[in-house]
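Here is what each chain is made of, one letter per residue.
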Amino acid sequence: MTDNNSPAFPFAFSAAQARRRRCGSRIALYLFLSGAAVLFSIPLLIMVLTSFKSMPEIRQGTIFSLPAALDLSAWVKAWSGACTGLACGGLSVGFWNSVRILVPSVVLSILAGALNGYALALWRFRGAHAVLTALMLGAFIPYQVILYPLVKIFSFLHLYSTLPGIIVIHVVFGLPLMTMLFRNFYAAIPAELVKAARVDGAGFFRIFFEIMLPMSTNILIVALILQTTGIWNDYLLGLIFAGHDNQPMTVQLNNIVTNGTGIVEYNVNMAATVLTALPPLAVYFLSGRYFVRGIASGAVKG
Amino acid sequence: MRRHKTAEFVIVPTIAVVFICFYAPIIWTIFISFTRSGMFPSYSFSGLMQYWRLVGTERWHTAFLNMFVFGVLFVGFALILGFLLAVALDQRIRFEGFFRTVLLYPLSMSFIVTGLAWQWLLNPAMGLQHLVREAGWDNFLFDWIIRPDRAIYTIVLAAVWHSSGLVMAIILAGLRGVDRDIWRATQVEGIPRWRTYLSIILPLLRPVVLTCVVLLIINVVRSYDLVVAMTNGGPGNATDVPGKFVIDMAFERANIGQASAAAVIMLLTVIAAVMPYFYLETRRTGR
Amino acid sequence: MQYSRSLLFTIAICSTIGAMGPASAQTADVLHYWTSGGESAGMKVFADAFKTRGGTWIDSAVGGYDDARASALSRIAGGNPPSALLDNIGDVQALAEQGVLSPLDPAAAAAATAHMPGFLMSKVSREGKVFAIPVDIGQANWTWYSTKAFHDIGAPPPATWDEFFVDAKKLKEKGYIPLAFGGQPWQQAGLFYNIMLSVGRDFYKKVLVDRDVTAAGGPEMVKTFETMRKLTAYVDPGSPGRKWNDAANLVITNKAAMQVMGDWAKGEFIAAGLTLGKDYDCALAPGTQDAFLMVVDLFDFPTVTAPEMVKGQKLLRDVLIDPAVQVAFSKVKGSLPSRLDVDVSGLDSCLQKGEKILADPQAQVPNFEFVFTADEEGQVKDLVSKFWSDPGMTAVDAARQFSQIVGETSK
């Protein structure tokens, strides 16, 4: 691994004789992928089908049957009319709160993880292993168990029930994973690269921003996917640390879905879940394009 | 290399944060596990009482054992499937973006409701079994979710569905980073492709695979949402896991002493399982 | 000079506003877990009455009791408590003991003590002070049945479990699932307590109220578990993990004959468009005709310091204890008011049936929340749930384990 960013195009130069034999394995390949895609879609299919049905239809029908009519009312209700307590504003109430929490949390946690990973991987200093080990252990704590002391600490720091508070929480809980992700990535980069840059007079931050970050497209996308999904879908931390005015969308989702002794509207629940999942899904679609572009740019360079 | 002030300067805040937000609470949790704390923490020492009670609780035994059954199967299957999918996607196929998104979408779904879709799917009276029987196979039997001895495998199934897309994405990112010279070399040598993947590429991807393993193990530790949504620990307590046990104790049962003791045991177990491998790995790649 | 005068002026205005604001404001921050249809409509009755009297209502709704509790305890620990908390009766003592609740003023306490069931009030009082206001009394021992199913076998709904077992065979022959059931621990425990009550009201009280260890492991408890074991043969294979409303749906669609569930189940039948007394009906759960198995919703009040919150807390208590508000609430929520001195003639036939039983203090039977700590109740759920799904566990063994939980005095 001398050039980490150069892509693998193993078949661009393949011999013609191999092409015929490959035809059969190509079919097997597509069969495998299509089969996996179908199996992976089944739960989503059930959810989307159910979201278009009316409640009497759900009570009578089977889960795979097609809806009698394309009934959008459950979607409308989930977005803007479902009751989440006394307020009946649906999911829309928390959408912007979630965005306000998501954007700074994702940016800061990835930046912090990348910087830490870079420092730990490419700059030797005493205790680097101990730091990494200590950090990684943090990822294995079921955080529900440490809620109480964390609340006390955040209350002491005047961060409890505030927007900065919940952002700090997400950055902190993202730190172990993000650091590990970037450290493992940067560990594969030859130390000579950094040495050469230092000979040229570049400092710690300059090497990071001008050499390392531009090389990190692939891993940045993985980090983006992980953090966007994790933070957007977080429910408990938002509930506990964000405070009344910053409650994320998942709190509304939970309030719509969780049923005490009342009537359950499965169509609204399913629509609400799919709606809540749309932002991370959008990130997957968009980042997929950059994913490819990142490789292409690497190809030009290499 | 000699020491670098700037790099240390960057790491110091991290150390501080890690201590304040992880280690101080862990120390607190360990302390509480030696008390009789109920709904609120109490600071009267009660020795090993919480641990003795835990050892005598049958439900904890089930949960503890399930962590291994679930953990091994889930990590194994998710890695294998994720790797195969990544390799398949790396063959310059058409519609790569489509496949990648379909395989990755489960990750974006909150288990609060997705679990319900799975419940319906696995429910013998309305799901897969019902469908296949309607189609003519009258004896088709798929009732794992209601069988105490099999239900844990349905949790593995849903967890693999949820996470193998992530493994695929990370390994794919790794594959795309592999030097094309290696491919040229194996091509020249005439080594079959599957062997190249297995004996050359896979060892190269060791740090990437390690990342996946750590991510998956974290999911095992935090497998709370999934279990609650799919079976809520049932039938009986056949699918209970330590994460759910701890949280049930802490909130539903208002017994944070017992919850803390369970959390400490859980943490120690994970450390014992992960640390040697992790330590060796950082030593090796860290030079 | 000019500068400092304007500064003084600004300060003066600010402090006037600052002083005036709280003087007139009465705010209640209410943390609750009533997020579904009928429940939140009930909460709205309180909120509307509170607003009509000049209060500002902050609605901190968190779906799910456990999550609501996590949120409440965190807010108390973090120094930002809600001013009212929808809670279970078993929590009141523990919270009061911690000193985080503020007691009712003497007038409100006297009104509550005078008009609500004594057994109930004793559970929310500590050292002569009252710490919570119960707002309704639900009844957990109901059978909801399909009139068609029992018409088909030509029998009335079963008055005892023995009758049920006779009916169940006929129901099975006609293609019905005899008992609609969801195999979740709380539903299993709910059925368990109902069977226990059917074995004998006095036996039930001896075990749960007097905590008689001998009775808790005795032949009557063995009989309870034996009945439970026999019932496992009369539910369908799809029952494990099923939610209670999906079980009710089996009765609604005439796939199952009956369900044993509290009075909240009615809402599900109404939502499906069925008519009480025609398509479905209520009967007291088999063998429990002489008892009212009480389930209570109540509010307690964490100590707050901001003046507008303190005032709001007082106003909210006045609203919750108001007889007119309680009746309006009951009509929406579908359970009986906690005050025994209010007119219930406008309520439906099931509630009126229940009200007659409730009038007899001997018939008032507490549910587990009154008598068990959350921890003990959790152990009961574990036991009952394990027993239900493990055919190898004997009734004798289960009874022995149950008596151990009852006898556990440590804690």
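Residues numbered from 1 in each chain as written. Chains lettered and ligands numbered in written order. Predicted model: local features only at pLDDT ≥ 70, side-chain atom pairs only at ≥ 80, totals over all residues.

**Comments concerning the sheet that holds strand S7 (residues 142–146) of chain C**
Residues and elements named next belong to chain C.
In step 1: Spatial ordering of the open sheet is given by S8-S9-S7-S10, a layout of four strands whose pairing is mixed. With partners counted over all chains shown, the strands left at the sheet margins are strand S8 (177–179) and strand S10 (280–284), one partner each. The sheet shows a mean angle of 20° between the axes of neighbouring strands, direction not considered.
In step 2: Bridge count between S7 and S10: five bridges; the pairing is antiparallel. The residue of S10 that forms the bridge with threonine 143 is alanine 283. (Pairing = 2+ DSSP bridges. Helix = DSSP H or I, 4+ residues; strand = E, 2+ residues; numbered from the N terminus. Axes fitted to C-alpha atoms, helices over the stretch in contact; angles between N-to-C directions.)

**A look at the packing of helix H10 (residues 217–233) of chain A against helix H7 (residues 151–176) of chain B**
In step 1: Across the interface, H10(A) lies against H7(B) with an axial gap of 9 Å and an inter-helix angle of 175°. Between H10(A) and H7(B), the angle falls in the class roughly antiparallel. Contacts between H10(A) and H7(B) involve A:Asn218, A:Ile219, A:Val222 and A:Ile225 on the former and, on the latter, B:Ala169, B:Ile170, B:Ala173 and B:Arg176. (Parallel < 35°, antiparallel > 145°, perpendicular 65-115°, else oblique. Contact = placed C-beta atoms within 7 Å.)

**Details of the nonpolar core**
In step 1: B:Ile171 and C:Trp144 are the most contacted members of the largest nonpolar core, which has 306 residues in total.
In step 2: By residue number, the principal contributor to this core is H7(B), which donates 17 residues.
In step 3: Setting aside residues no more than four positions away along its own chain, C:Trp144 makes contact with C:Ala248, C:Val251, C:Met258, C:Gln259, C:Met261, C:Ala265, C:Phe269, C:Tyr280 and C:Cys282. (Core = buried A, V, L, I, M, F, W, Y, C linked by C-beta atoms within 7 Å. Buried ≥ 20, exposed ≤ 12 C-beta atoms within 10 Å, placed from the backbone.)

**Concerning the interface of chain C and chain A**
The parts lose accessible area when they come together, and the size of an interface is often stated as this lost area.
In step 1: Chain C puts 35 residues into the contact, and the matching count from chain A is 27 residues.
In step 2: When contributions to the side of chain C that touches chain A are tallied by element, the ones reaching two or more residues are helix H2 (37–52), strand S2 (56–61), helix H3 (65–77), helix H13 (244–252) and helix H14 (265–271) of chain C.
In step 3: Per element, the largest residue contribution to the side of chain C that touches chain A is seven residues, and it comes from H2(C).
In step 4: When the residues that make up the side of chain C that touches chain A are grouped by side-chain class, the tally is 13 nonpolar, 17 polar and five charged. (Nonpolar A, V, L, I, M, F, W, Y, C, P; charged D, E, K, R; others polar.)

**Notes on the interface of chain A and chain B**
In step 1: Listed as interface residues are 83 residues of chain A and, on the opposing side, 86 residues of chain B.
In step 2: Listing elements by their share of the side of chain A that touches chain B, those giving two or more residues are helix H1 (16–51), helix H4 (92–122), helix H5 (128–138), helix H6 (147–156), helix H7 (163–187), H10, helix H12 (249–257) and helix H13 (266–301) of chain A.
In step 3: Looking at which element gives the most residues to the side of chain A that touches chain B, the answer is H1(A), with twelve residues.
In step 4: The class makeup of the residues in the side of chain A that touches chain B is 58 nonpolar, 22 polar and three charged.

**So, helix H19 (residues 374–389) of chain C**
In step 1: End to end, H19(C) covers 22 Å across 16 residues, agreeing with the expected 22 Å (1.5 Å per residue, within 8%).
In step 2: Among the 16 residues that make up H19(C), 15 are buried, leaving the element largely enclosed by the rest of the structure. (Expected span 1.5 Å × (residues − 1).)

**A word on the domain arrangement of chain C**
Residue and element names in this part refer to chain C.
In step 1: What the domain assignment lists for chain C is domain 1 (22–137 + 295–359) and domain 2 (142–293 + 364–407).
In step 2: The distance between the C-alpha centroids of domain 1 and domain 2 comes to 29 Å.
In step 3: Across the boundary between the two partners, domain 1 contributes 16 residues, which contact 17 residues of domain 2.
In step 4: Where the side of domain 1 that touches domain 2 is concerned, the elements lending two or more residues are helix H4 (89–97), helix H6 (118–123) and helix H17 (349–358). (Domains from an automatic or database assignment.)

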